[in-house]
Amino acid sequence: ILIVDEVLAVGDAQFQKKCLGKMEEVSTGGRTVLFVSHNLITVQQLCKKALVMEKGGVIFSGESAEGISTYLDRGQTTINLEGDGWINLQECHAAGTGEIRFLRIRISPPSRKHTSTISVGEPVEIQIEFSATSLQKDLIVGFAIHDQFEEPLFATHWNDFGQTHTIRPGLWRTRCNLSPNYLRPGSYTLSLGAISSGTLAAHIIRAASLSVEPILSSNLSHYDTRIGKLFVPMNWDAPTLIPSNQQ
């Protein structure tokens with residue numbers, strides 16, 4: 001039995017490709033490969049059977065697709081939703097120094113503050129409240145959005161355009177507008193992070209979730225069937241005929 005533990009979490013792309021090739025070679029040769037990973041896409045591609053473990057015990061054994069669903073269900077964050085659409089984060093496990101503490105987050109369309117359900121292409125406003133226990137120099141706050149397989153789709157933070165801020169002790173709110181919203185229909189999770197002077201001050205995995213619904217309008221519904229994890233509409237010029245003397 002070949003045991004491969006989180007090999008895709010280290011090394012460069014060439015090293016990972018070589019490891020995947022070796023695993024495939026060994027498995028087709030009749031040997032058993034035990035592949036340990038949080039990379040659900042790779043598990044889905046490589047494995048027919050899956051084991052899901054929690055606290056040292058097996059909680060699922062069976063087909064890999066069902067195993068992935070079990071893993072995702074067990075990993076769902078219990079969201080403490082307040083009446084005004086804010087999600088309370090104070091009971092979430094957070095890594096980091098603790099000098100920054102995420103308190104609340106609200107994800108909603110700008111025109112509808114009390115819902116986290118968004119339509120394809122609809123602008124999204126993300127507000128984050130946090131506290132600082134001491135003076136924080138060169139602070140960067142941001143978030144990442146992950147798909148249902150926990151694959152990161154994109155990340156954004158204050159430093160996207162070279163911005164950092166010095167924050168004094170107190171309660172703070174920051175806001176980001178995703179306009180337009182490039183997410184396709186589906187369920188997503190959002191992770192939060194804060195870095196102060198190059199040191200991780202706070203990090204919450206699966207801090208919140210959001211749902212993107214299909215568009216019902218007939219003239220926009222074609223967005224729902226495009227390939228890819230994101231849809232990115234572009235401005236196209238109308239086609240122009242090339243004159244015969246220029247052909």
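Predicted, not measured: the structure shown is a model, and the values here were computed from it.

**Notes on the overall build of the chain**
- From N to C terminus, the chain includes three helices and 15 strands.
- Per-residue burial over the chain gives 35% buried out of 247 residues.
- In the chain, once contacts between residues fewer than 6 apart in sequence are set aside, the share between residues at least 24 apart is 63%.
- Element-wise, carbon and sulfur atoms account for 53% of the exposed surface of the chain, whose accessible area totals about 15400 Å².

**Topic: the pattern of salt bridges**
- Scanning the entire structure with this criterion turns up four salt bridges.
- Where Glu-63 meets Lys-49, a salt bridge forms, and the shortest distance between an N and an O atom there is 2.6 Å. Of this pair, Glu-63 sits in strand β4 (residues 57-63) while Lys-49 sits in strand β3 (residues 49-54), and the two are 14 residues apart along the sequence.
- Among the residues examined, Glu-63 registers a relative accessible area of 43% and is labelled partly exposed.
- With a shortest N-O distance of 3.0 Å, Arg-104 and Glu-129 are connected by a salt bridge. A residue pair is termed long-range when its members are at least 10 positions apart, and Arg-104 in strand β7 (residues 100-108) and Glu-129 in strand β9 (residues 124-132) qualify at 25 residues. Residue Arg-104 shares its accessibility class with Glu-129, and that shared class is buried.
- Among the charged side chains, a network of salt bridges with common partners joins Arg-104, Glu-129 and Arg-173.

**With respect to unusual backbone geometry**
- The phi angle at Asp-138 is positive, at roughly 55°, despite the residue not being glycine.
- By the element assignment, Asp-138 lies in strand β10 (residues 136-146).
- Assessed through its relative accessible area of 43%, Asp-138 is described here as partly exposed.

**Thoughts on the environment of Ser-37**
- Secondary-structure assignment places Ser-37 in the loop between β2 (33-36) and α2 (40-46).
- C-alpha separation for the pair Ser-37 and Val-4, spaced 33 residues apart in sequence, amounts to 8.5 Å.

**As for a nonpolar patch on the surface**
- Together, Ile-1, Ile-3, Leu-34 and Val-36 make up a nonpolar patch on the protein surface, roughly 390 Å² of accessible area in all.
- By relative accessible area, Val-36 is classed as partly exposed at 33%.

**Examining the layout of surface pockets**
- Quantified by volume, the largest pocket comes out at close to 1100 Å³.
- Put simply, the parts of the chain that give the lining of the largest pocket at least two residues each are α1 (13-28), β2, α2, β3, β4 and α3 (64-74).
- In terms of residue class, the lining of the largest pocket is built from 17 nonpolar, nine polar and nine charged.

**What to know about the nonpolar core**
- By size, the foremost hydrophobic cluster in this structure holds 35 residues, and its most contacted members are Phe-102, Ile-105, Ile-107, Ile-126 and Leu-192.
- Those elements that place two or more of their residues in this core are β7, β9, β10, β14 (186-196) and β15 (199-213).
- Per element, the largest residue contribution to this core is seven residues, and it comes from β15.
- Every residue in contact with Ile-126, bar those within four places of it in the chain, is listed here: Ile-105, Arg-106, Ile-107, Phe-143, Thr-174, Arg-175, Cys-176, Leu-178 and Leu-190.
- If you look at the next biggest cluster of nonpolar residues, it comprises nine residues, including Phe-35, Leu-40, Val-43 and Leu-72.

**Focus: the environment of Gln-45**
- Within the secondary structure layout, Gln-45 lies in helix α2.
- For the pair Gln-45 and Ala-65, spaced 20 residues apart in the sequence, the C-alpha separation amounts to 9.9 Å.

**A short note on the confidence of the model for the chain**
- Per-residue confidence for the chain averages 82 on the pLDDT scale, and 86% of its residues sit at or above 70.
- Averaged pLDDT values for the elements of the chain fall to 54 in strand β5 (residues 80-81) and rise to 94 in β9.

About the criteria used
Residues numbered from 1 in each chain as written. Predicted model: local features only at pLDDT ≥ 70, side-chain atom pairs only at ≥ 80, totals over all residues. Heavy atoms only, no water. Helix = DSSP H or I, 4+ residues; strand = E, 2+ residues; numbered from the N terminus. Buried < 20%, exposed > 50% of the residue type's maximum accessible area, 1.4 Å probe, protein only. Contact = heavy atoms within 4.5 Å. Areas by Shrake-Rupley, 256 points an atom, 1.4 Å probe, with all protein chains shown as cover. Salt bridge = Lys/Arg side-chain N within 4 Å of Asp/Glu carboxyl O. Patch = residues over 30% accessible without salt bridge, like charges linked within 9 Å, V, L, I, M, F, W, Y side chains within 5 Å. 1 Å grid on protein atoms, 1.4 Å probe; cavity = no way out; pocket = protein on both sides within 12 Å on 5 of 7 lines; lining within 4 Å. Points joined across faces, edges and corners; volume = space filled by probe spheres on them. Nonpolar A, V, L, I, M, F, W, Y, C, P; charged D, E, K, R; others polar. Core = buried A, V, L, I, M, F, W, Y, C linked by side-chain atoms within 4.5 Å. pLDDT = per-residue confidence, 0-100.

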